[in-house]
Amino acid sequence: MTTNGFERPDPDALLARVKAEEAQQKRGRLKIFFGACAGVGKTYAMLEAARARKAEGVDVVIGIVETHKRQETEAMVAGLDALPPRWIEYKNSKLREFDLPGALKRHPAIILVDELAHTNAPGCEHAKRHEDVAELLDAGIDVYTALNVQHIESLNDVVARITGIQVRETVPDSVVETADEIELIDLPPDDLLIRLKEGKVYMSEQAGRAAQNFFRKGNLAALRELALRRTADRVNRQVQSYKRENSIGGVWATTERILVCVGPGPFSGRLVRAARRMAAGLQAPWIAVYAETPVLAALPEQDRELAKQHLHLAEQLGAETATLSGHNVVDMLTAFAHEHNITKLIIGKPAQPRWREKLFGSVVEELIRKSGDTDVYVIKGEQEGDERTRVPMQMPAAENWRPFGLAMLVTIACTGVCWGMFKYFPLTNLIMIYLVGVIVSAVRFGRGPAIMCAMLSVAAFDFYFVPPYYTFAVSDSQYVVTFAVMLIVAIVIGSMTARIQAQAKSAFMRERRTSAQYEMSRDLSTARGPARVLDVIVRHLALLFESEVVGLLPGTGGKLE
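Reference entry: report on the structure contained in this document. Please read all numbers here as calculations on a predicted model, not as lab measurements.

Quick look at the overall build of the protein now. On a plain count of helices and strands, the protein comes out with 21 helices and 15 strands. Here the protein, with 561 residues, has 38% of them falling under the buried criterion. Long-range pairs, those at least 24 residues apart, make up 69% of the contacts in the protein with a sequence separation of at least 6. Accessible surface, the protein: about 31,800 Å² in total, of which carbon and sulfur atoms supply 57%.

Shown next as structure tokens:
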């Protein structure tokens, strides 16, 4: 239900929001000053913000700040309280590190901890500085920190391909994604190169080497684009979160976002490629989804495998992918489009006959009616070229016929019961026995066996219990209507029962997956170190898939252990 673009709030979402806000109130806030690379002014901006908060009467302390002997930055440090550094001896040298115990004891309102991706010296409480920051946040202390885009773990390989330099110190994406605030500190490449020549980034010798290697104009432009896009993605998630929290159902076209719906049909490959071309032309992110209903879940394995191949193709072409589960394709797609602020939706043109659309309805027409502010593109697929990906057809396995055989036995059993009742009960009671058999077949064996059971039940009822007996002839024309009504009622009841059974199974599987994801995310949030994280993942995957799972980590000599 919507009112002026607003939807009725989801009670579960509201409860989750209240719990999240309660937990957030006890935890410190993390603000990241984010930039493309060194020298753009992150530390300077962080100190400037700290001085402004100190002027407001807030207790602000410098935990550790790296000025790199830049005069402007060192001038900003003056006047701010600072914790003494922690000196650790390592390999005949003393290393200056952040004093985490001292910071927890001092417990200021805001503490500055520079260079979030820094690796601590041996002997510190944590291996990485971002783990120090996490402990400060858990203690209720707000943290200001600085980070370059090349230190984000998921972008490490991208930066290496651009610059030719492998960055060793990285921060997990989750640290950045859960930050309360990110402030982008941006500087054009030409201005940054001027700062480099003036010695405001590195000392003269370092500046010369940097200009020849990392600080080339093309590299700086590419890193700047990465930082801008990463920040834009975060802002987009904030917009989506605001819409969910305020139950806003419409699409805000702040940027183009494309959604393509794939399936087991041979035309989905072309839809994926068309979405890729559109996304490239609009410079827009795109998502490929497979909307799985109970009917699609019951498809043969080769068809479901083909749908997976289409999702894999979309991943190879750069799309995000998702599998949706529900009872109605249109409702799933429109809900997903509104939730993810989709502006353009691509779907295949239906191949079914026109009479079938008139009789059972058209997914495309219903989608267009319910799409709201989302544009719907209907594309005709071409089977040529996609047949290479189709899984070879296989003959139905013997176990696929077993439900039909069991449904036939149910019909025989119902006939036996009716034979014993025939002399003592009217024919209407016998019909009820057969309907019970149809329901049992639908619940136990599915829609197809239930329909077969309904047809056999009508035939058996006519042959054994309607005069003239032991023939399919009918002496009274009123029985023709009885047979027709009995068949229709049996088929409808069987189909509805089978559908409810499939929906219940689908809901159970969704609940199981959701519960498993929640438990795994909860355990991962408290896990520290790669070994512990891998242990959590392996344990939960083993429970989810009910199979043995092995996790491998790189060991000595480059071998997996």
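Here the focus is the side chain of Thr-411. Note on placement: Thr-411 falls in helix H17 (residues 398–421). With sequence-adjacent residues up to four places away left out, Thr-411 is seen in contact with Tyr-434, Cys-453, Leu-456 and Ser-457.

Bridging between strand S6 (residues 86–89) and strand S7 (residues 94–97) involves 4 bridges; their strand directions are antiparallel. What sits directly across from Arg-86, in S7, is Glu-97.

We now examine the nonpolar core. Within the largest apolar cluster, 57 residues are counted, with the highest numbers of intra-cluster contacts made by Ile-111, Leu-112, Leu-136, Leu-147 and Phe-215. The element contributing the most residues to this core is helix H2 (residues 42–55), with 5 residues.

This brings us to the packing of aromatic side chains. A full pass over the atoms with the stated rule returns 11 aromatic pairs. Between Phe-422 and Phe-465 the ring centres are 5.3 Å apart and the planes differ by 55°, which places this aromatic pair in the tilted class. In this pair, Phe-422 is assigned in the loop between H17 and helix H18 (427–445) and Phe-465 in helix H19 (residues 447–465), connecting sequence segments 43 residues apart. Overall, Phe-465 belongs to the buried group, its relative accessible area being 1%. The interplanar angle of 45° and the centroid separation of 6.3 Å between the aromatic rings of Phe-461 and Phe-465 together place this pair among those described as tilted. Of this pair, Phe-461 and Phe-465 are both found in helix H19, 4 residues apart, which corresponds to roughly one turn of the helix. Residues Phe-461 and Phe-465 agree in their burial class; the two are buried. Through pairs of rings, three or more aromatic residues link up here, namely Trp-419, Phe-422, Tyr-434, Phe-461, Phe-463, Tyr-464, Phe-465, Tyr-469 and Tyr-470. Looking at Lys-31, its charged tip hangs above the ring of Tyr-144, at a distance of 5.6 Å from the centre.

The strand order across the open sheet formed by 6 strands is S5-S4-S8-S9-S3-S10, and the pairing between neighbours is parallel. The outermost strands of the open sheet, each flanked by one partner alone, are strand S5 (81–82) and strand S10 (181–184). Pairing of strand S8 (residues 110–113) with strand S9 (residues 142–148), which is carried by 3 bridges, proceeds in the parallel orientation. When the sheet's bridge partners are listed, Leu-112 is paired in S9 with Tyr-144. Lying over the sheet, helix H5 (residues 129–138) contacts strand S3 (30–35), strand S4 (60–64), S8 and S9, oriented at roughly 175° with respect to S8.

If you walk through the whole model with that rule in mind, you get 19 salt bridges. For Asp-186, the salt bridge is made with Arg-224, and the minimal N-O distance between the two is 2.8 Å. Here the residue Asp-186 occupies a position in the loop between S10 and helix H8 (189–197), and Arg-224 occupies one in helix H10 (residues 217–245), the gap between them amounting to 38 residues. Arg-224 sits in the partly exposed class, given a relative accessible area of 25%.

Thresholds applied
Residues numbered from 1 in each chain as written. Predicted model: local features only at pLDDT ≥ 70, side-chain atom pairs only at ≥ 80, totals over all residues. Heavy atoms only, no water. Helix = DSSP H or I, 4+ residues; strand = E, 2+ residues; numbered from the N terminus. Buried < 20%, exposed > 50% of the residue type's maximum accessible area, 1.4 Å probe, protein only. Contact = heavy atoms within 4.5 Å. Areas by Shrake-Rupley, 256 points an atom, 1.4 Å probe, with all protein chains shown as cover. Pairing = 2+ DSSP bridges. Core = buried A, V, L, I, M, F, W, Y, C linked by side-chain atoms within 4.5 Å. Phe/Tyr/Trp six-rings, centres within 6.5 Å; stacked < 30°, edge-to-face > 60°. Lys NZ or Arg CZ within 6 Å of the ring centre and 35° of its normal. Axes fitted to C-alpha atoms, helices over the stretch in contact; angles between N-to-C directions. Salt bridge = Lys/Arg side-chain N within 4 Å of Asp/Glu carboxyl O.

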